[in-house]
Amino acid sequence: MEAAMPPYYHHHHQCHGCNNIRIRMDATMHLTHTQTEAERQKVMCSSKQQTIHYEQPSIFSDQHWFRFTNIKCAEFDSSFATFTKCRLNMVKRGVVALNVYVKLFQLPVNNVSVNLSLWKKASGYRPFLYNMTEDFCRFQRNRKRVPFLNIFFNLLVKDSNINHTCPFNHDIIVKNLVLDEEMFKFLPLPNGEYMFRLKVAAYNDWKADIKTYVMFNTKFGE
């Protein structure tokens, strides 16, 4: 089971109004596997969810594939920060991009901690190999000392504005992040479906929880 969050996490309720920003923030992307021989795709959008349909290549084929399948964002202190964007977009056939925009209201931020854990899908998502909490400001000054966290944030560097040390005096943006097979050469996980869970705290108080779901079949996981 997933690790418990602080008490106020359990009292966090999502609104269900179609026009509510929380619905858009928590919009989920569900992956549907089709059984046709020809690859196809179709995007269906509504105010509550987005669905991407495409054919999953056989895990026994020579084709390697890696893509985001879902993202869920939760905020715990809207006076400190809020998600104005938390979604996946299909940018072209078979390519899914991740986009996150976090609006910060109390700048500058010079005390940040993160908890990063990895979960593997096996009758639900279960903890797998990694679960670590770090002073993020300290980590940014010497990233190589925490290899798993370094690998994760190396995925974000090119497509985000968090590639610097504290303080953070701006909103947090991840724009059009697309997975690439080479990103996993230093993280040779078995092929399958995973969730990366990132919890973020400021001044020793949890502020956000981001769950990113991926599915991949790479040469590094064979």
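Look a little higher up for the structure.
This one's a predicted model, so the numbers in the text were calculated from it and none came from an experiment.

### With respect to the side chain of D209
Then step 1. The residue D209 is located in strand 11 (residues 205–217) in this model.
Then step 2. Residue classification places D209 among the buried positions, given a relative accessible area of 2%.
Then step 3. Here R197 takes part through its side chain, which lies 2.8 Å from a polar atom of the side chain of D209.

### So, the pairing of strand 7 (residues 112–121)
Then step 1. Most of strand 7 sits inside the fold, with 8 of its 10 residues counted as buried.
Then step 2. The sheet contact formed by strand 7 and strand 10 (residues 192–202) spans 9 bridges and is antiparallel. By the bridge assignment, K120 is partnered in strand 10 with Y194.
Then step 3. Counting the residues that bridge the hairpin from strand 7 to strand 8 (residues 125–135) gives 3 residues, and of these S123 lies at a positive phi of roughly 55°.

### What about unusual backbone geometry?
As a rule of thumb, non-glycine residues mostly have phi less than zero, and peptide bonds are mostly trans rather than cis.
Then step 1. Omega for the bond connecting L107 with P108 falls within 30 degrees of zero, at -5°, which places this linkage in the cis form.
Then step 2. Locating P108 in the fold gives a position in the loop between strand 6 (95–104) and strand 7.
Then step 3. The omega torsion of the bond from C166 to P167 falls at 5°, within 30 degrees of zero and hence cis.
Then step 4. One can find P167 in the loop between helix 4 (147–157) and strand 9 (172–178).
Then step 5. One non-glycine residue with positive phi stands out, namely S123, at about 55°.
Then step 6. With respect to the helices and strands, S123 occurs in the loop between strand 7 and strand 8.
Then step 7. Residue classification places S123 among the exposed residues on the basis of a relative accessible area of 73%.

Basis of the calculations
- Residues numbered from 1 in each chain as written.
- Predicted model: local features only at pLDDT ≥ 70, side-chain atom pairs only at ≥ 80, totals over all residues.
- Heavy atoms only, no water.
- Helix = DSSP H or I, 4+ residues; strand = E, 2+ residues; numbered from the N terminus.
- Buried < 20%, exposed > 50% of the residue type's maximum accessible area, 1.4 Å probe, protein only.
- Polar contact = N/O pair within 3.5 Å; in protein donor to acceptor, adjacent residues only side chain to side chain.
- Pairing = 2+ DSSP bridges.

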